[in-house]
Every structure is written in structure tokens, then in C-alpha cells.
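Results of the structural survey
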Amino acid sequence: MKVGIIGLGFVGLSFASVLGSKNHSTLGFDSDKKKSSQIKNGKPPFYEPHLEETLNQALRKGLEITDNIATIVKSCQIIFVTVGTPQGNDGSINLSMVKSAVEEIGKHLKYSKNKPIIVIKSTVVPGTALDVLLPILVSKSRKKPGKDFGLITNPEFLRESMAISDTVNPHAIVLGGTKDRFMNAIKKFYENLHKNTPIIATNNQTAEMIKYTNNSFLATKISFINQISNICQLIPGANVEDVARTIGLDPRIGHLFLNAGPGYGGSCLPKDVAAIINFSNSLGINPLLLNAVKQVNDYQLKHVILTIKRAIGTLKKKRITVLGLAFKPDTDDIRDSVSIKLIQSLLKQGAKIIVHDPKAIENTKNIFKEKISYAESLDDALRKSQCCVIITPWKEYSKINERHLQLMEKRIIVDTRRILNNSKLKMNYYPIGIG
Ligand code: UDX
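Remember, predicted model here, so these are calculated numbers, not experimental data.

Right, let's get into the pairing of strand E2 (residues 26–29). Of the two faces of E2, the one lined by Thr26 and Gly28 and the one lined by Leu27 and Phe29 are each fully buried. For strand E1 (residues 3–6) and E2, the ladder comprises four bridges, and the chain directions are parallel. Looking across to E2, one finds that isoleucine 5 is bridged to glycine 28. This β-α-β element, E1 to helix H1 (residues 10–21) to E2, shows right-handed connectivity. Both E2 and strand E3 (residues 63–65) contribute to a ladder of three bridges, which runs parallel. Bridging from a neighbouring strand, threonine 26 pairs with leucine 63 of E3.

Right, let's get into the nonpolar core. The biggest cluster of nonpolar side chains holds 48 residues, and the ones touching the most others in it are Ile308, Ile320, Leu342, Leu346, Ile353 and Val389. Of the residues forming this core, the biggest block, six residues, is contributed by helix H12 (residues 288–312).

This brings us to the pattern of salt bridges. In the structure shown here, the tally under the stated rule is 20 salt bridges. One salt bridge in this structure joins lysine 43 and glutamate 52, with 2.8 Å as the shortest N-O distance. Since its relative accessible area comes to 44%, lysine 43 is described here as partly exposed. Within the structure, one salt-bridge network assembled from shared partners comprises Lys115, Lys147 and Asp148.

Bringing the packing of H1 against helix H3 (residues 51–60) into the picture now. Two elements in contact, H1 and H3, have axes separated by 7 Å at closest approach and are oriented at 50°. By the criterion of interaxial angle, the relationship of H1 to H3 is oblique. Crossing geometry of H1 relative to H3 is assigned as left-handed. Where H1 approaches H3, its residues Leu13, Ser14, Ala16, Ser17, Val18, Gly20 and Ser21 are matched on the opposing element by Leu51, Thr54, Leu55, Gln57 and Ala58. The class makeup of the residues in the contact of H1 with H3 is six nonpolar, six polar and no charged.

Listing the buried residues of helix H13 (residues 338–348) in full gives Val338, Ser339, Ile340, Leu342, Ile343, Ser345 and Leu346. Against H12, strand E9 (319–323), strand E10 (352–356), helix H14 (361–368) and strand E12 (387–390) lie the buried residues of H13. Glycine 350 sits one or two positions beyond H13 and adopts a positive phi of about 90°.

Lining the immediate environment of the ligand, one finds 19 residues, of which Phe157, Leu158, Glu160, Asn259 and Lys328 sit closest. For the ligand, a nitrogen atom lies 2.8 Å from a polar atom in the backbone of asparagine 259. Between the ligand and arginine 417 there is a distance of 3.2 Å, counted from an oxygen atom to a side-chain nitrogen or oxygen. Protein burial of the ligand: of its 670 Å² of free accessible surface, 92% is covered by the chains. Among the elements that line the shell around the ligand, the one with the most residues is helix H9 (residues 204–233), at four residues. Broken down by class, the residue content of the shell around the ligand amounts to 10 nonpolar, three polar and six charged.

The terminal C-alpha atoms of H1 lie 16 Å apart, and with 12 residues this matches the ideal 16 Å at 1.5 Å per residue to within 8%. With respect to burial, H1 is a largely interior element, 11 of its 12 residues being buried. The complete set of buried residues in H1 reads Phe10, Gly12, Leu13, Ser14, Phe15, Ala16, Ser17, Val18, Leu19, Gly20 and Ser21. Of the residues trailing H1, asparagine 23 is marked for its positive phi of about 70°.

This brings us to the side chain of aspartate 379. Structurally, aspartate 379 is set in helix H15 (residues 378–382). The class of aspartate 379 is buried, set by a relative accessible area of 19%. A polar side-chain atom of aspartate 379 sits 2.9 Å from a polar atom in the side chain of arginine 403. Within the local environment of aspartate 379, its side chain forms a polar contact with the side chain of histidine 404, the two groups lying 3.4 Å apart.

Turning next to the side chain of glutamine 233. As for its placement among the helices and strands, glutamine 233 is situated in helix H9. A distance of 3.5 Å separates a polar atom in the side chain of glutamine 233 from a polar atom in the side chain of threonine 307. Once you skip the residues sitting within four places of it in the chain, glutamine 233 turns out to touch His303, Thr307, Arg310, Pro431, Ile432, Gly433, Ile434 and Gly435.

Calculation criteria
- Residues numbered from 1 in each chain as written.
- Predicted model: local features only at pLDDT ≥ 70, side-chain atom pairs only at ≥ 80, totals over all residues.
- Heavy atoms only, no water.
- Buried < 20%, exposed > 50% of the residue type's maximum accessible area, 1.4 Å probe, protein only.
- Helix = DSSP H or I, 4+ residues; strand = E, 2+ residues; numbered from the N terminus.
- Pairing = 2+ DSSP bridges.
- Right-handed = clockwise from strand over helix to strand, strands pointing away.
- Core = buried A, V, L, I, M, F, W, Y, C linked by side-chain atoms within 4.5 Å.
- Salt bridge = Lys/Arg side-chain N within 4 Å of Asp/Glu carboxyl O.
- Axes fitted to C-alpha atoms, helices over the stretch in contact; angles between N-to-C directions.
- Parallel < 35°, antiparallel > 145°, perpendicular 65-115°, else oblique.
- Left-handed = near helix turned anticlockwise from the far one by under 90°.
- Contact = heavy atoms within 4.5 Å.
- Nonpolar A, V, L, I, M, F, W, Y, C, P; charged D, E, K, R; others polar.
- Near = heavy atom within 4 Å.
- Polar contact = N/O pair within 3.5 Å; in protein donor to acceptor, adjacent residues only side chain to side chain.
- Areas by Shrake-Rupley, 256 points an atom, 1.4 Å probe, with all protein chains shown as cover.
- Expected span 1.5 Å × (residues − 1).

What follows is the structure in C-alpha cells.
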């Protein structure tokens, strides 16, 4: 079955690259012409481990990039929609990209004999497929759902920095739709692609809800441990690492997503928690727990700033090094990164900022331009620094040694990830979560 993929961001490009590299006939489209031509030339527009080699393999095998949605609608039996659904000002999600992708599909479907399965991978709030997207498809195409096309909701769970391996080996496949031949066909497609992955078939609205439930539960785990971490920090000698490791041994709890830190960031968790809160409010439900998850996360940045102030007093004119800009290691993505918010706040309070990140410097320059200094090496970042704040746990930061500390004007380290906790370095050390 020929596959079309509309939207070549993290999800779409990873999926297109994996399918193409497995010789699967795949057509990719992105409305951003610059991005699309970069991809055609084998250059991913963002950094993601193993993506570049997988993309190039795919381009040699099954993947083609097209500038024309019509070609996809005419020739593909399965059309995946993987465009972004960014956050609006009130926390709701902005459906404009997914709506216009579906509108385009509908327009071309009108003149086509093809009977495709249209699969929504973009994250959308419950009800979107049936109440918003289906009416667009029907009115633009003048065709019948269930007869001329199928509409399936198929949320994606891949993680940035693990996008390729998560695409090759997903933990589950969720398919939301009606029990009909389109559902059977997409099930078969996935059964062939992932031999041992559980496939959950349900309706569209439940599939949409599963995605939000998954991400808001992950966010809840993080906010929970951050709350415990802040309590630990006030108990002399208490250590959140030991607490998390031990409760993680209880199989009912599990050890993943219990790393206390500066709060969750990235393009998904903050956006999805805000969207499900907004959605719940629209239903007349006050989502007390989810509101608290968000509040704890928003507070965590303040907690880091308070810890910095405890370490160095006033921030005015202090030379502060921020290590790590990406929202997590092995990506250059700074969307909703805590580092960026921290720098904005430190600048407001008069600090001088020098930053380092192995991958995310260029993206950060677009935000702060000349307002901060960018270090090319850890040495440059720490030279004459009066305080170093570790935000993103890149591996190389755990190798900070005596020689690095000698470069600093003051040996003060605020470590939001406790990566230097077991070192014997002589420093004034302020780890988050350790009392
Ligand atoms: C997340 C979901 O994990 C993924 O399933 C979904 O498809 C997209 O959103 P991602 O945004 O790539 O993936 O990053 P993730 O690894 O979940 O981390 C999100 C944030 O939480 C990061 O800022 C990370 O530092 C933070 N985090 C994660 C913690 O602070 N502690 C943890 O224990 C885990």
C-alpha cells in the first residue's frame, strides 16, 4: 500500500524516513518549501539522532518528497496527517494547520477515484476528528465516509531524541475509528509493520483522549516527584534520588519519569496539559489535579531561581553560566525549554548570562541575539563565571572536573539534575532535591 505523509516535522519525517528505509513506497509533503527542499536533499531541518542516515537511506529506497498534495490524494491508499497543532494563547490547541491539510485532501478527493484511509496522527482534543475534520472532508470532497474514504485517529507517542527507535518499536498502536474495511486495512498495515506491538482499536474520540491521558499522566509523575524533591531539599540530608529509586522498585509505581528537575518542557507535555485543562473547562469540569500538575511545573522555575539566589544573593551584574538550552539532551529543540524561561528571568533581574549547549546554540541565538554570550566550549562557558546552573543533563556536563572549576571566579554550582552529586569536587554545591 502506498503511503502519503502530510507534514514533515518530528513525527512525519521520522515516520516517512523509517517507512522509506524499509522499502515502503512513501510520498512525503510539507507546505514549507524551504524545509521540503532541504529534506529532498537528505538534510533534516532539525537535529535528531539517526534521523539523517535513516532519511538518506529512505530517499535511496522508498521515499519521495512531493510538492503536491494532489499527487498524494490520487495515488496513496493511506494518507497520514502529521502537521503541528500548536498552543493558542488560552492554552487551547490551534487546529488551523490540521484543518487546512484536511481541506486540501478533501478538495482533491472530489476529483479522484481513490478511496484512501485518512489517518490523523496530529494531537487533537477529543471530538476533533468527528466534529471538525470529518465535516470538512465531506463538504470538500462530496464523498461518503465509510464508503469513499475512512477517517482514523492514530495518536503518536514518540519521544524526541528517540524518534527513530520509537518509530521502529512503538510500545502500542492506537487506532480510533469505525469498525469497517478501512479500519481492517490500517490494522493490517500496522500488523505487517510491527509484528509484536499491541494494537488497540477503539473509536476516534477515545483514541484522541488516550493521547492526552498518556501525556498528562507523564506530566503528573514529573510534577509529583518535583513536589517531593522540593520537600526533600528542605530536610537536611534527605535525597530525592534515593526516594525516587526506591519507590520506583514498587511495580505499581515503576521507575520511569521520576527524575526531579527544573520542570518539564518541550513541544508536547506543556502544550498537552494546557490543552486538556482548557478542554475540560469547556466541558464544565474543573480539572483540579491537572491544574495542580501545571502549577507545580510553573513553580519549578521559581524554585530554581530561589536556589540560585540562595547561592549567590542578588543577581544584579552577576556573571551566570547556564549549561543546557535544549529541553532535554540529544535534541536541538528549545521549544518551551525551561532554560529559555530561566535566562529571560535572570536577564530581567540584571544578570549577565553566558550559555552553552552542544546542539541548541543556533536556535537560541534567534531568541536572545546579542543579549547574552554564547560559549563554544565548556571552558569558555565557565571562565570567570560566578555561578553555573546546570539545566539540561547533557552527558558532557557530568564530566565537569577540578580544572573547569579553577576557571570559575566562584565555584558555585546549582545542579537541577544532580549530575555532579557523586563527584568529590570542591565546590559550593546546590543540588535540587537534596537537603
Ligand atoms: C513527550 C512524551 O514522552 C511522548 O510520548 C510524546 O509523544 C511527546 O511528548 P518529549 O517531549 O520528546 O516526549 O520528551 P520527554 O522525554 O517526555 O520529556 C519531556 C520533559 O520532561 C523534558 O523537559 C524532560 O527533561 C522532563 N522530564 C522527563 C523530567 O523532568 N523528568 C523525568 O523523569 C522525565
